Amino acid sequence: MITGTCGQNNMNMSKKIVPVVFAISLVLSMSESLYAQNNLDVESLKKYSSENIFKVISKAGGGRISAVTEINDLDSNGFNEWAIGIPNDDDGNNDAGAIYIVFRYAGNVFGRFQKISSTKGNLNDTLPALAGFGCAIEPLGDLDGNGVADIMVGASKYSKGGSEHGAVYTLLLEEDGTVRNRRRIDVDSIGMSVVLNTGSEMGASIAYLGNVDGMHGPEVAVGIPGYQDFSTDEGGLLLFTLESDGSMKASSEFLIHGSTSNFGHTLDYNDRFGASV
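Quick caveat, the model's predicted, so the values are computed rather than measured.

## Concerning the sheet that holds strand β12 (residues 219-223)
Read from one edge of the open sheet, four strands run β11-β12-β13-β14, paired in antiparallel fashion. On the outer flanks of this sheet lie β11 (206-210) and β14 (254-256), each paired with one strand and no other. Strand after strand, the sheet turns through a mean of 20 degrees between neighbouring axes, direction not considered.

As structure tokens, this is what we get:
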């Protein structure tokens, strides 16, 4: 596992799909003639290939794609789907965020999509303003064993009372891309013993580690680049084990930061360790 330290984390992109390489240039060169309006429809998406789907969804979701990853085939048509994060989408609240599950067909043609936000996709949670849901997305395989892929989504600016502690959402998906069940993991989660400072930005990055020791279950690493130990924004990395329902296993978390034994490196002001994983 490689963890980044950087001042900013503008793109969390999976290394699993080659087409993502040209996503940045496509978004930056957005053409007004190549997007559907906010009410994207199936017939519009059928016309778009991987060469301009980023323009379509970026425009519909508010203009900034922050995460793209490939997830296992949901609809059993032989082609894996894409999950695309728009953390400044305004569904429900300003910059609350959203993700799009985009269904792929032969020739990188897209036939339909499912949006997941405060108001769509059965998220069953009201995201606060500026939550940034969709800033990071990580596939988890089939966590609950029902034959359908599951994912974890970061909301690094998730805030209760202005705290910006951040949060991650485990989304157990249906075959149609809607949410069958979800778990929000944050400072208020049962069994969470780690204390996060204001502005920790938990969920800025996510990496699925699998069952590392073969004993305790699947584990994830979640970046908290705003974590403060001795200096502001030194950053940190939170590791924890997941239950099959997507919740965090009680007392399983382990925080890596500048004062962690055997870490071997002193983190400085604004290093933002954990900005990418």
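## A few points about the confidence of the model for the protein
Mean pLDDT over the protein: 79, with 75% of residues reaching 70 or higher. Of all helices and strands in the protein, the one with the weakest mean pLDDT is helix α1 (residues 23-28) (31), whereas strand β8 (residues 150-155) scores best (98). The low-confidence segment residues 1-47, where pLDDT is below 50, has 109 contacts with residues more than four positions distant or belonging to other chains.

## Description of the pattern of salt bridges
Taken as a whole and assessed by the stated rule, the structure comprises 14 salt bridges. Of the charged contacts, one joins Asp125 and Arg182 as a salt bridge, the two residues approaching to 3.7 Å between their closest N and O atoms. On the criterion of sequence distance, the pair formed by Asp125 in the loop between β6 (109-116) and β7 (133-139) and Arg182 in strand β10 (residues 179-185) is long-range, its members being 57 residues apart. Notably, a salt bridge pairs Arg183 with Asp245, separated by 3.2 Å at the nearest N-O pair. In this pair, Arg183 is assigned in strand β10 and Asp245 in the loop between β13 (237-241) and β14, connecting sequence segments 62 residues apart. Relative accessible area serves as the criterion here: at 33%, Arg183 is assigned to the partly exposed category. By relative accessible area, which is 27% here, Asp245 ends up partly exposed.

## Remarks on the nonpolar core
Formed by 25 residues in total, the largest nonpolar core has its most connected members in Ile99, Ile101, Ile116, Phe133, Ile151, Leu171 and Leu173. If you list the elements that add at least two residues to this core, you get β3 (67-71), β5 (98-105), β7, β8 and β9 (167-173). The dominant element in this core, judged by the number of residues it contributes, is β9, at four residues. Beyond its immediate chain neighbours, meaning those up to four positions away, Leu173 contacts Ile71, Leu74, Ile116, Asn146, Val148, Ala149, Asp150, Ile151, Thr178, Val179 and Arg180. Judged by nonpolar contacts, the second largest core, of 22 residues, contains Leu140, Val168, Val220 and Tyr227.

## Description of unusual backbone geometry
Positioned with a positive phi, Asp95 is a non-glycine residue whose angle comes to about 55 degrees. Locating Asp95 in the fold gives a position in the loop between β4 (81-86) and β5. Although it is not a glycine, Asn124 adopts a positive phi angle of roughly 60 degrees. By the secondary structure assignment, Asn124 is in the loop between β6 and β7.

## A few points about the environment of Leu237
Within the secondary structure layout, Leu237 lies in strand β13. Take Leu237: its relative accessible area is 1%, and that puts it in the buried class. For Leu237 and Gly223, which are 14 residues apart along the polypeptide, the C-alpha to C-alpha distance reads 4.7 Å.

## A few points about the sheet that holds β8
As summarised here, the arrangement of the four strands in space is β7-β8-β9-β10, forming an open sheet in which the pairing is antiparallel. A single partner strand is all that each edge strand has here, and the edge strands are β7 and β10. Neighbour-to-neighbour, the strand axes of this sheet turn through a mean angle of 25 degrees, independent of strand direction. Note that β9 and β10 share six bridges and pair antiparallel. Paired with Thr170 across the bridge in β10 is Arg183.

Cut-offs and rules
- Residues numbered from 1 in each chain as written.
- Predicted model: local features only at pLDDT ≥ 70, side-chain atom pairs only at ≥ 80, totals over all residues.
- Heavy atoms only, no water.
- Pairing = 2+ DSSP bridges.
- Helix = DSSP H or I, 4+ residues; strand = E, 2+ residues; numbered from the N terminus.
- Axes fitted to C-alpha atoms, helices over the stretch in contact; angles between N-to-C directions.
- pLDDT = per-residue confidence, 0-100.
- Contact = heavy atoms within 4.5 Å.
- Salt bridge = Lys/Arg side-chain N within 4 Å of Asp/Glu carboxyl O.
- Buried < 20%, exposed > 50% of the residue type's maximum accessible area, 1.4 Å probe, protein only.
- Core = buried A, V, L, I, M, F, W, Y, C linked by side-chain atoms within 4.5 Å.

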